[in-house]
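Summary of the model geometry
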Amino acid sequence: MPRGIKIGITLGGILVVLPIVAIVVLSVGMSQFKPLLTVRREIPLANHGSLIIDGKERGRSEHGFSQRAGYRPPGSAEIEWFGDVSDGAEPQVYQAGALLVVIDLPAAQLYVRTHEENWKNLVLIFPYDLGPFPISFYAERNSLTTEEVSRINELGGKRDRKYPTTYIQSFDPETRDLKCSYHVDNKSSWPLHLRLSEDGTHLALVEIGGSSP
């Protein structure tokens, strides 16, 4: 067989084999990389418990992607799964007396482990954030009274922006004060001051826009 034909056959074989090898290498690489994306993270807390972020359990919500979150009490092997936290943002964790408060900033959401070791989910949504639902719908989810939600709604009016329109700025674990910014539109907002109850079951309105209710 002429030398030129041999070289042509060899080169042709190499061109056929190379894409196959590349595909195999890529598949192996992705299989090794995937567990890193779905790993379960355990974040040590000051009370010697742990916050667990389970990357294998992912979901979609109003504010984007989320991951399942849980809490492992000190000295316990059990995990208390309490909800989902936003992907790409580290949850803020506070010890407020006997309460454990986990704040998901992008979602404007609080998870509170109460005295009875139950978890409460308090989400800062207000009228028209999710649609034209009654005041009671929003009061049930943010744990304020219907009168307090009505007061906030009177100042804010109907807002065109979609949830979240309320942003958590700070939380003081000693006073349990929650400072927020309540946005009416892209240009105007009100300072919103809330306070978490001593038993961790509900929020109360302290003031909005510089005036007490």
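Only a predicted model underlies this, so the values are computations on that prediction, with no experimental measurement involved.

Attention now goes to the pattern of salt bridges. With the rule as written, the count across this model stands at eight salt bridges. In this structure, the salt-bridge partner of glutamate 90 is arginine 41, at a minimum N-O distance of 3.4 Å. Taken together, the positions of glutamate 90 in the loop between strand 4 (80-86) and strand 5 (92-96) and arginine 41 in strand 1 (residues 40-44) put the pair 49 residues apart, joining distant regions of the chain. A relative accessible area of 43% means that glutamate 90 is categorised as partly exposed. In this structure, arginine 68 engages aspartate 54 in a salt bridge whose closest nitrogen and oxygen atoms are separated by 3.0 Å. With arginine 68 in strand 3 (residues 64-72) and aspartate 54 in strand 2 (residues 50-61), the pair connects residues that are 14 residues apart, well separated along the chain. Each of Arg40, Asp54 and Arg68 takes part in one network of salt bridges that share partners.

Strand order in the open sheet formed by four strands is 9-10-11-12, with antiparallel pairing between adjacent strands. Unpaired on one side and paired on the other, strand 9 (166-172) and strand 12 (203-208) mark the two borders of the sheet. Across the sheet, the mean angle separating the axes of adjacent strands is 25° when strand polarity is ignored. In this structure, strand 10 (residues 177-183) lies alongside strand 11 (residues 189-196), joined through seven bridges in antiparallel fashion. Paired with serine 181 across the bridge in strand 11 is proline 191.

Mean pLDDT over the protein chain: 82, with 72% of residues reaching 70 or higher. The least confident element of the protein chain, judged by mean pLDDT, is helix 1 (residues 3-37) at 51; the most confident is strand 7 (residues 109-113) at 98. In this model residues 30-37 is a low-confidence stretch, pLDDT under 50, and it forms one contact with partners more than four residues away in sequence or in other chains.

Further remarks concern the environment of aspartate 54. Judged by relative accessible area, aspartate 54 falls into the buried class, the value being 3%. With 16 residues separating them along the chain, aspartate 54 and glycine 70 place their C-alpha atoms 8.1 Å apart. Sequence-distant contacts of aspartate 54, that is, excluding residues within four places in its chain, are made with Arg40, Gln67, Arg68 and Trp81. At a separation of 3.4 Å, a polar atom in the side chain of aspartate 54 contacts the side chain of arginine 40.

What follows is about the sheet that holds strand 6 (residues 99-104). Within the open sheet, the four strands sit side by side as 5-6-7-8. Their pairing is antiparallel. This sheet does not close on itself; its edge strands, each paired only once, are strand 5 and strand 8 (119-123). Neighbour to neighbour, the strand axes of the sheet diverge by 20° on average, direction disregarded. By the bridge criterion, five bridges tie strand 7 to strand 8 in an arrangement that is antiparallel. Looking across to strand 8, one finds that leucine 110 is bridged to leucine 122.

Rules used throughout
Residues numbered from 1 in each chain as written. Predicted model: local features only at pLDDT ≥ 70, side-chain atom pairs only at ≥ 80, totals over all residues. Heavy atoms only, no water. Salt bridge = Lys/Arg side-chain N within 4 Å of Asp/Glu carboxyl O. Helix = DSSP H or I, 4+ residues; strand = E, 2+ residues; numbered from the N terminus. Buried < 20%, exposed > 50% of the residue type's maximum accessible area, 1.4 Å probe, protein only. Pairing = 2+ DSSP bridges. Axes fitted to C-alpha atoms, helices over the stretch in contact; angles between N-to-C directions. pLDDT = per-residue confidence, 0-100. Contact = heavy atoms within 4.5 Å. Polar contact = N/O pair within 3.5 Å; in protein donor to acceptor, adjacent residues only side chain to side chain.

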